[in-house]
Amino acid sequence: QISTDDLPYAVARHYYANKLYNSAMTEFERGASMGDPDCMLMAGIIYLRGESKTLSLAKAVKWLTRASEKKQAMAMCELAHLWADGVVTGKTRSDAAQLYKESAELGWGESCFQYGLMLMRGDGVACSKSDGAAWIQKVADKGHAYACYTMAVLYSRGEGVQQDNAKPSHYLHM
């Protein structure tokens, strides 16, 4: 049974699934205003993609930031993408790496992958190929396609991991 606190999200998801974006946005923003981090995330995504009445980076960042402050892992990852791409002024690639790490620690797979890549390259953080490979492997072992491919390459080269010619095949067939 759905509680009344969950109602805006449930109704909004129904509208969103049926591509009724304006109605979905109304409900997501209502839920977001009530403090629901999942509604905040979805409001941010819709503004970012322009799926509703308005494409608004400022509103997207506002809702993604509020959801991130409530530790909504996907919102943290989406916001980190914007920071890493230089879309949000005042934030650096180091800020993005930190936010990816926090989201990854909450278990968000894409953040594990992105943080691992940043560690591998020394991009915004000190370079650590072994730590980067470990973060990427966490999500590769769960079937993340890009992470599986990356682990295959890393094992074939012996980069960040001990070279192992059997492992690439394992990761490419996951």
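Residues numbered from 1 in each chain as written. Predicted model: local features only at pLDDT ≥ 70, side-chain atom pairs only at ≥ 80, totals over all residues. Heavy atoms only, no water.

## Re the overall build of the protein chain
Regarding its fold elements, the protein chain presents 10 helices and 0 strands. Seen in sequence order, the protein chain has helices and strands lined up from the N terminus as α-α-α-α-α-α-α-α-α-α. Taken along the three principal axes of its C-alpha coordinates, the protein chain extends 55 × 40 × 25 Å. By the burial criterion, 44% of the 174 residues in the protein chain qualify as buried. Contacts in the protein chain between residues at least 24 apart in sequence constitute 39% of all its contacts with a sequence separation of at least 6. For the protein chain, the accessible surface area stands at approximately 9100 Å², while carbon and sulfur atoms represent 50% of it. Within the protein chain, one finds 19 positive and 19 negative side-chain charges whose respective centroids are separated by 3 Å. (Helix = DSSP H or I, 4+ residues; strand = E, 2+ residues; numbered from the N terminus. Buried < 20%, exposed > 50% of the residue type's maximum accessible area, 1.4 Å probe, protein only. Contact = heavy atoms within 4.5 Å. Areas by Shrake-Rupley, 256 points an atom, 1.4 Å probe, with all protein chains shown as cover. Lys, Arg positive; Asp, Glu negative; His and termini not counted. Charge placed at Lys NZ, Arg CZ, Asp CG, Glu CD.)

## Considering the packing of aromatic side chains
Per the counting criterion, the structure on display carries 5 aromatic pairs. In textbook terms, an aromatic cluster arises when at least three aromatic residues are bridged by ring pairs, as seen for Tyr9, Tyr16, Tyr21 and Phe28. Just above the ring of Trp63 sits the side chain of Arg66; from NZ or CZ to the centre is 5.2 Å. (Phe/Tyr/Trp six-rings, centres within 6.5 Å; stacked < 30°, edge-to-face > 60°. Lys NZ or Arg CZ within 6 Å of the ring centre and 35° of its normal.)

## Examining helix H5 (residues 73–84)
Between its terminal C-alpha atoms H5 stretches 16 Å, which fits the 16 Å expected from 12 residues at 1.5 Å a residue. Extensive coverage of H5 is indicated by the burial of 10 of its 12 residues. Listed as buried for H5 are Ala73, Ala75, Met76, Cys77, Glu78, Leu79, Ala80, Leu82, Trp83 and Ala84. The elements touched by buried residues of H5 are helix H3 (37–49), helix H4 (57–69), helix H6 (93–105) and helix H7 (109–121). Positive phi shows up at Gly86, right after H5, with a value of about 75°. (Expected span 1.5 Å × (residues − 1).)

## Considering unusual backbone geometry
The residue Lys19 is not glycine, and still its phi comes out positive at about 60°. In this fold, Lys19 is placed in the loop between helix H1 (7–17) and helix H2 (21–33). Judged by its relative accessible area of 60%, Lys19 falls in the exposed class.

## Overview of the pattern of salt bridges
Applying the stated criterion across every chain yields a total of 7 salt bridges. The closest approach of N and O atoms between Arg30 and Glu27, which form a salt bridge, is 2.9 Å. Within this pair, Arg30 and its partner Glu27 are both found in helix H2, separated by 3 residues, close to a single helical turn. What makes Arg30 partly exposed here is its relative accessible area of 41%. (Salt bridge = Lys/Arg side-chain N within 4 Å of Asp/Glu carboxyl O.)

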